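The primary structure of each chain is shown beneath.
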Amino acid sequence: MTRIVIIGAGPAGMAAAIELAKAGLSPVVIDESPRPGGQAYRKPPAELDLDIAALLGREYQNYARLHADFAAVMPQIDYRPNTTAFDIGDNEVLAHSGGRLEGLRYDALLLATGAVDRVLPAKGWTLPGVYTLGAAQTLLKEQGALIGRRIVFFGSSPLLYLAALQCKKMGGEVAAVLDTNPFSGKIRALGKLMSSKRTLSQGLSYIARLKAAGVRIENGVKPVEIGGEGGVSRISFLDRRGALQHIDCDAAALGYGLRSETQLAELAGCELAYHDVFRQNFPKADADGRCGNGVYVAGDGALIGGAHAAELSGRLAAIAILADHGTAPRQDGSIPAIRRQLERLRRFQEGLASAFSLPFHGLVDLVDDVTMCRCENVTAGELRGAIRRNFGAKEVNRVKAYTRCGMGRCQGRYCGIAAAELTAIELGVTRAEVGQLRVQAPIKPLPVSAVFADRADVEHAH
Amino acid sequence: MSVDGVMIDAHHGQSVLTAILQNAGKIRDLEFNGEPRAGFCLMGACCDCWVWIDGCRGTRACREPARDGMVISTRPSDFPRP
């Protein structure tokens, strides 16, 4: 019997599990969170009594359907929440749960690990009250709370507008939405964005609703500093005319798109390739998510694509697993249709990545004392020093070795991309030439107690 | 539950992070330079909200459910203060 392990119970993992269960299989699905849904379809705790339908708007139907379908197959699959995968061995996932180590052997491994916010540093970004866009959304859905009373949203992402709207719906005051992209950049990407007219009009409606509510929206901004003593009290930025402006606030949410979680793919032996539009590495896979050696990828952990694309790619990966392990492929013509829809959604995401570009050039203006690596307290000046010195670093892993940037608890999730961009700028080379931080296990904190406790080998259901 | 010896109240279902931030403006002081930190990603990826539970177990406060009787330290007991 084929042993299938799925890592991640977001839309991609859930869709794959449902597809496999429909074919009579019993995959193991592990997820770090206590409830399924990942980020976009995060399920609030029942006791919170949160009106998730109001928060998700038109997305609620997909959210409800997927959760219902997943709940329906739960008796058949082995769903293991609160379980953190931290390494991949020989055809085995190493995870820990409740302080115990678990080994999960597999014939097929589907990595549906999703993504986190991509960030760029700014002066003052370590102050209490500064969070990512994803953090603002997560706090709403998990705790029914806002990151502050008067919030500024800044960065480069369609999520800026969605997160601001969600905060407003929950009674928060949105001091401003500061978009680093000039309005013209969004118009230029319109061609690719038209591949998903419904999502495009949804996105434009977010902006319209914020404007109608009197929220200040600025385009073409350059963040200068997040100021405050012991906590955020104001944001300073250059507006599109280059004038210095200040906005009082007690919290700031920032984000510059998404950063794929590819650590387990790398540990599993998948080759990663640099993608110029998304400016990050993704695992090399075929259209259905096959990486080779029994490893498959789906969702934002395969390629930034959003929740709908994650579901579709999860289904395709599951179908690929079935096909590769002895189940005859479907003849109902639905597979090409799913592939076409996925392709359309991915094209749309590329359009979004162009419309909401990463303003990496701005790193040139970072003063030396700005923190680059939050975990190890490494500054921009120290990074520059590591590159400019004798035998200076020529790629980002050497920068890490010299400065400790990326060696801390987040393992480069929140400094790695900025470090690579800064290195490329300093050396005057392309981003692709400086590489990306290599992965090390454990990819998430591993309690010492788990290392010394007896290990449990997870048996697969038959 | 107690945070660095001070008793605080939390609601059932809150994370340790939310419980602490309701009572204080920060989660911890960074071990390298003492600057205040209050979390960043709130989804268990950045570890900015790192605290120690019951004297020894380091954990992400945003992922840890607040529990009655918890003893939380915002610094490991045998690290020197910066």
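Remember, predicted model here, so these are calculated numbers, not experimental data.

Student: Tell me about the overall build of chain A, and please be specific about residues and values.
Tutor: On a plain count of helices and strands, chain A comes out with 15 helices and 24 strands. For 462 residues, the compact-globule formula gives about 23 Å, and the C-alpha radius of gyration of chain A, at 22 Å, lands near that figure. Over its C-alpha atoms, taken along the principal directions, chain A stretches across nearly 65 × 55 × 45 Å. Within chain A, contacts between residues at least 6 apart in sequence are counted, and of these 67% link residues at least 24 apart. Put simply, chain A shows about 18500 Å² of open surface, and 51% of that area lies on carbon and sulfur atoms. One finds the centroid of the 54 positive side-chain charges in chain A at a distance of 5 Å from the centroid of its 48 negative side-chain charges.

Student: Requested: an account of the interface of chain B and chain A, with residues and values cited.
Tutor: The interface of chain B with chain A comprises 31 residues on the first partner and 35 residues on the second. Taken together, the two surfaces of chain B and chain A that pack against each other cover about 2600 Å², and 54% of this comes from carbon and sulfur. Contact with chain A buries surface across chain B, with B:Phe40, B:Leu42 and B:Met43 losing the most and accounting together for 28% of the total. For the pair chain B and chain A, the interface holds 4 salt bridges. Of the charged contacts in the structure, one is a salt bridge between B:Glu31 and A:Arg409, with a shortest N-O distance of 3.2 Å. Contributions of two or more residues to the side of chain B that touches chain A are made by helix H1 (16-23), strand S4 (36-37) and strand S5 (50-53) of chain B. Split into classes, the residues belonging to the side of chain B that touches chain A amount to 14 nonpolar, 9 polar and 8 charged.

Student: Outline the packing of helix H4 (residues 133-143) of chain A against helix H5 (residues 159-169) of chain A, supporting the account with residue identities and numerical values.
Tutor: Residue and element names in this part refer to chain A. Viewed as axis vectors pointing N to C, H4 and H5 meet at an angle of 30 degrees, and their least axial separation amounts to 10 Å. Taken together, H4 and H5 sit at an angle that is classed as roughly parallel. The element H4 and its partner H5 pack so that their crossing is left-handed. Taking contact as the criterion, the partners of Leu133, Gln137 and Leu140 in H4 are, on H5, Leu159, Leu160, Leu162, Ala163, Gln166 and Cys167.

Student: Explain a nonpolar patch on the surface to me, and be specific about the residues and the numbers.
Tutor: All names here are of chain A. Among the surface-exposed residues, Phe183, Ile187, Leu190 and Met194 lie close enough to one another that they form a single nonpolar patch of about 370 Å² accessible area. Along the chain, methionine 194 falls in the loop between helix H7 (190-193) and helix H8 (197-212). The exposure class of methionine 194 is partly exposed, given its relative accessible area of 37%.

Student: I'd like a rundown of the nonpolar core, residues and numbers included.
Tutor: In this structure, A:Ile147, A:Phe153, A:Tyr161, A:Val177 and B:Ile72 are the most contacted members of the largest nonpolar core, which totals 86 residues. Not counting residues up to four positions away in its chain, the partners in contact with A:Ile147 are A:Tyr131, A:Ala136, A:Leu139, A:Ala251, A:Ala252, A:Ala253 and B:Leu42. A:Leu358, A:Cys405, A:Ala424 and B:Cys41 belong to the second-largest nonpolar core, a separate cluster that totals 53 residues.

Student: Account for the pattern of salt bridges, with residues named and values stated.
Tutor: Counting across every chain of the model gives 37 salt bridges over all chains. For A:Asp288, the salt bridge identified is with A:Arg339, shortest N-O distance 2.6 Å. With A:Asp288 in the loop between strand S19 (280-283) and strand S20 (290-292) and A:Arg339 in helix H11 (residues 334-355), the pair connects residues that are 51 residues apart, well separated along the chain. The class of A:Asp288 is buried, set by a relative accessible area of 9%. We note a salt bridge from A:Arg374 to B:Asp48, for which the minimum N-O separation is 3.0 Å. Here the residue A:Arg374 occupies a position in the loop between strand S22 (371-373) and strand S23 (378-379), and B:Asp48 occupies one in the loop between S4 and S5, the pair thus bridging two chains. As far as burial versus exposure is concerned, A:Arg374 and B:Asp48 are alike and both buried. What you see here is one network of salt bridges that share partners, running through A:Asp286, A:Asp288, A:Arg290, A:Asp324 and A:Arg339.

What counts and how
Residues numbered from 1 in each chain as written. Chains lettered and ligands numbered in written order. Predicted model: local features only at pLDDT ≥ 70, side-chain atom pairs only at ≥ 80, totals over all residues. Heavy atoms only, no water. Helix = DSSP H or I, 4+ residues; strand = E, 2+ residues; numbered from the N terminus. Rg over C-alpha atoms; globule rule 2.2 N^0.38 Å. Contact = heavy atoms within 4.5 Å. Areas by Shrake-Rupley, 256 points an atom, 1.4 Å probe, with all protein chains shown as cover. Lys, Arg positive; Asp, Glu negative; His and termini not counted. Charge placed at Lys NZ, Arg CZ, Asp CG, Glu CD. Buried area = accessible area lost by both parts, 1.4 Å probe. Salt bridge = Lys/Arg side-chain N within 4 Å of Asp/Glu carboxyl O. Nonpolar A, V, L, I, M, F, W, Y, C, P; charged D, E, K, R; others polar. Axes fitted to C-alpha atoms, helices over the stretch in contact; angles between N-to-C directions. Parallel < 35°, antiparallel > 145°, perpendicular 65-115°, else oblique. Left-handed = near helix turned anticlockwise from the far one by under 90°. Patch = residues over 30% accessible without salt bridge, like charges linked within 9 Å, V, L, I, M, F, W, Y side chains within 5 Å. Buried < 20%, exposed > 50% of the residue type's maximum accessible area, 1.4 Å probe, protein only. Core = buried A, V, L, I, M, F, W, Y, C linked by side-chain atoms within 4.5 Å.

Geometric values such as these leave the question of function open.
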